[in-house]
Amino acid sequence: MSAKPMTITRLSLYNLRGKPFRSGSLMAVVLILAFALFGGSVLSASLKNGLSALEGRLGADIAAVPLGYENSYQGIILSGEPVKFYFDKSIEQKIKKVDGVEKVTSQFYLSTLSADCCSVPVQIIGIDPNTDFVTKPWIAEVYHNELKDGQMIIGSDILPKKDNTLTFFNQKFTIVAKLEKTATGMDNSVFVNVSTVKSLAESAKQRGLGTNAEVQEADLENSISSVLIKTKKGIDLDTVATNIRRSVDGVSLVKSKNLFESFSNNLDIINSFVGIFSLALWILAALVLTLLFSVTINNRKKEFSVLRILGATRRKLAGAVLTESLILSITGSVVGILLSAIVIFPFSTLIGEQLGLPFLLPGVDDTLGYLLIAFLLAVVAGPLSAIYSAVKISRTETYVTLREGE
Amino acid sequence: MAIAVKNITKEYKRGKRSFKAVDDVSLGLHPGDFIVIIGKSGSGKSTLLNIIAGLTYPTDGRVEADESNIFTLTDKQISRYRNQTIGYIPQGHSTLADLNVVDNVRLPFHLNGEKRISADKAEELLTRVGIHALAKNFPKHLSGGELKRVAIARALINDPEAIIADEPTSDLDKQTTAEVLTLLRSVAEGGKAVLMVTHDLDAVKYATRSFVMESGVLTEQKKEAVLYV
């Protein structure tokens, strides 16, 4: 025999348990709301994070690549799509002399058609340690020394062998560090110094291993793939780009801001959509809950009039309605957020791929923040929607409700 | 005196016309009284009961409990009056469907914030009304008579001074009606004031005092001469 006091909370729990369909329907509304609020905010934040990570990794204001290869360059940055393109090394010095250019560095790209490390071809990026200003700041986060010949830093999606090495074109490389995930093409790239990548390319070329016409035809010693340019402060980017085009032939220029612009615009649209959708859903959920609570409470008039007859104050009656709505809201919110987390976190990579945008889940602190906000917004929807019914039932003449309830 | 009803009048408006559902009624409820009010539907007997319970406010008059007019009390105070001073047995089935029998009975005990354990007391009352075996059953599994016994046990849980019953035998067969009336009579004999309204003339046999209510006017009847058409 239960000996616990029959409090309003206990009474509410018994009521909810006694009407599983009614309770389930009300809870489902909050569940959907919490699912959408949490899922939407995490998705939105992940896209924002992805774009920030991409922005942070670029470092250069302008990238100069062989004429016609601007899309291939974007492929390296955004999706890690392996590419090989080369132009003459002298272009680096030509660009350096252009008015408005502060500093330049070059990179050399080589892709593997097959490797024992990965299920997909890998982009090998050769950096010039003497001039590099692009990768140095974020490589320094995981590795403080200069990259020596035969050493390699790998992106977060690359799986090393057990002995911490990787083999490319029959050459073994020691992995000295692994980068943090960025949700960009960098995650599927490896970084070596320029002399290593060139000797690797030369070796591959001589052995005919997995190389294509570009590699075969290139004078590898005097070739580079891209020149990354930092412009002087206060000088307009477009002006510098125009200056480069006038001074250097055979190059295509990719401006970082343009690279971002389309994504940034897409992201703004997605964020606006998520915001408007969340607000609309919240209002809709609140209206549906108001209606459901109103109908439900109306059907329970007799029950409330009995409580009043037995000595419940008006405040207690309102409290019973609000307690029930709070219990439903809390349960619905917890389940909704859990389901949302189950869908989003394990499948974040897939979601990112499907969206075709840089997708980087927020950190634990931010996630907890979104969780808390989604939880509070979803939880508050229940009691807020039940206020009207709670006030109405507590103000109604008991005698009248008893008669109506019969 | 447990409760004193003094010159209660309740007027309602029907269109432009007003009429008195209760007309200058005075009544005293004393310990041991089993007062039965007989009247037709619409005679004002349920309205009078609801006024005594503080559920409806009168147009005029007062109901005194502990020498205070209950209509001057705050909602919290009048709720406490309903919870502690009177035990109300509403018309029809008034149990909460989602609570089992014992929880229904002990519910009023906790409505005023009482935290003490009440299950033993509830079981004691269920034994007294003869349905202890049904303690864990839910109302949907109980007959009309059993539900009425639950309501009586529930009305007694806070040991009130008066029991007010609104047509407690209206939907019961003759034998169950007799059982319920006997039970209410025993409650009165136990020192409570019991006031019930009914259509059932047989109830008068169990009463210590009986009244007829017609057009809001309450008239006491000699036991052997109940005039009721």
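Thresholds applied
- Residues numbered from 1 in each chain as written.
- Chains lettered and ligands numbered in written order.
- Predicted model: local features only at pLDDT ≥ 70, side-chain atom pairs only at ≥ 80, totals over all residues.
- Heavy atoms only, no water.
- Contact = heavy atoms within 4.5 Å.
- Buried area = accessible area lost by both parts, 1.4 Å probe.
- Salt bridge = Lys/Arg side-chain N within 4 Å of Asp/Glu carboxyl O.
- Polar contact = N/O pair within 3.5 Å; in protein donor to acceptor, adjacent residues only side chain to side chain.
- Helix = DSSP H or I, 4+ residues; strand = E, 2+ residues; numbered from the N terminus.
- Nonpolar A, V, L, I, M, F, W, Y, C, P; charged D, E, K, R; others polar.
- Phe/Tyr/Trp six-rings, centres within 6.5 Å; stacked < 30°, edge-to-face > 60°.
- Buried < 20%, exposed > 50% of the residue type's maximum accessible area, 1.4 Å probe, protein only.
- Axes fitted to C-alpha atoms, helices over the stretch in contact; angles between N-to-C directions.
- Left-handed = near helix turned anticlockwise from the far one by under 90°.
- Core = buried A, V, L, I, M, F, W, Y, C linked by side-chain atoms within 4.5 Å.
- Pairing = 2+ DSSP bridges.

(A) Region of interest: the interface of chain A and chain B. Taken residue by residue, the interface counts 31 residues in chain A and 39 residues in chain B. A buried area of about 3000 Å², summed over both sides, lies between chain A and chain B, and 58% of it is on carbon and sulfur atoms. Our enumeration of links across chain A and chain B arrives at 3 salt bridges. Taking the shortest distance from any N to any O, the salt bridge between A:Arg314 and B:Asp75 comes out at 3.8 Å. Taken together, the connections running from chain A to chain B amount to 8 residue pairs in polar contact (both at pLDDT 80 or more). Elements that contribute at least two residues to the side of chain A that touches chain B include exactly helix H1 (8–18), helix H10 (301–309), helix H11 (314–344) and helix H14 (398–405) of chain A. Of the residues assigned to the side of chain A that touches chain B, the class counts are 13 nonpolar, 7 polar and 11 charged.

(B) Highlighting the packing of aromatic side chains. Residue and element names in this part refer to chain A. A full pass over the atoms with the stated rule returns 8 aromatic pairs over all chains. When the centroid spacing of 5.0 Å and the interplanar angle of 35° are considered together, the rings of Tyr69 and Phe85 count as tilted. Of the two residues, Tyr69 is situated in the loop between strand E1 (62–66) and helix H3 (70–79) and Phe85 in the loop between H3 and strand E2 (87–88); the sequence distance between them amounts to 16 residues. Taking the relative accessible area as the measure of exposure, Tyr69 reaches 26% and is therefore partly exposed. The exposure class assigned to Phe85 is buried, which follows from its relative accessible area of 1%. Note on Phe85 and Tyr109: the rings are 5.6 Å apart at their centroids and 85° apart in plane angle, and the pair reads as edge-to-face. Residue Phe85 is located in the loop between H3 and E2, and its partner Tyr109 is located in strand E3 (residues 101–111); the two are separated by 24 residues in the primary sequence. Comparing Phe85 with Tyr109 shows no difference in burial state: the two are buried.

(C) Focus on the packing of helix H3 (residues 101–111) of chain B against helix H5 (residues 144–156) of chain B. Residues and elements named next belong to chain B. Between H3 and H5, the shortest axis-to-axis distance is 7 Å and the interhelical angle comes to 35°. Between H3 and H5 lies a crossing whose hand is right-handed. Together, Val101, Asn104, Val105 and Pro108 of H3 and Val150, Ala153 and Arg154 of H5 make up the contact between the two elements. Its residues assigned to classes, the contact of H3 with H5 shows 5 nonpolar, 1 polar and 1 charged.

(D) Fine view of the pattern of salt bridges. Residues and elements named next belong to chain A. Here the structure, examined in full by the defined rule, presents 17 salt bridges over all chains. Here Arg300 makes a salt bridge to Glu324, at a shortest N to O gap of 2.7 Å. Placement of the pair is Arg300 in the loop between helix H9 (256–299) and H10 and Glu324 in helix H11, with a sequence separation of 24 residues. Accessibility assignment for this pair places Arg300 and Glu324 in one class, buried. Salt bridges here are not isolated pairs; linked through shared partners, they connect Arg300, Glu303 and Glu324.

(E) Spatial organisation of the nonpolar core. Membership of the largest hydrophobic core comes to 45 residues, with the highest contact counts inside it found for A:Leu11, A:Leu33, A:Phe304, A:Leu307 and B:Leu107. Contributing elements (two or more residues each) for this core: H1, helix H2 (20–58), H9, H10, H11 and helix H13 (364–395) of chain A together with H3 of chain B. One finds B:Val101, B:Val105, B:Leu156 and B:Val204 within the second-largest nonpolar core, a separate group that totals 38 residues.

(F) Structural view of the sheet that holds strand E5 (residues 151–154) of chain A. All names here are of chain A. Strands sit in the order E6-E7-E5-E8-E4-E3-E10-E1-E11 across an open sheet of 9 strands; the sheet is mixed. Lying at the two open borders of the sheet, with one neighbouring strand each, are strand E6 (165–168) and strand E11 (251–255). Direction aside, neighbouring strands of the sheet carry axes that sit 35° apart on average. Sheet analysis places E3 next to strand E10 (residues 226–231), joined by 6 bridges and oriented antiparallel.

Purely geometric stuff here, so don't read any function into it on its own.
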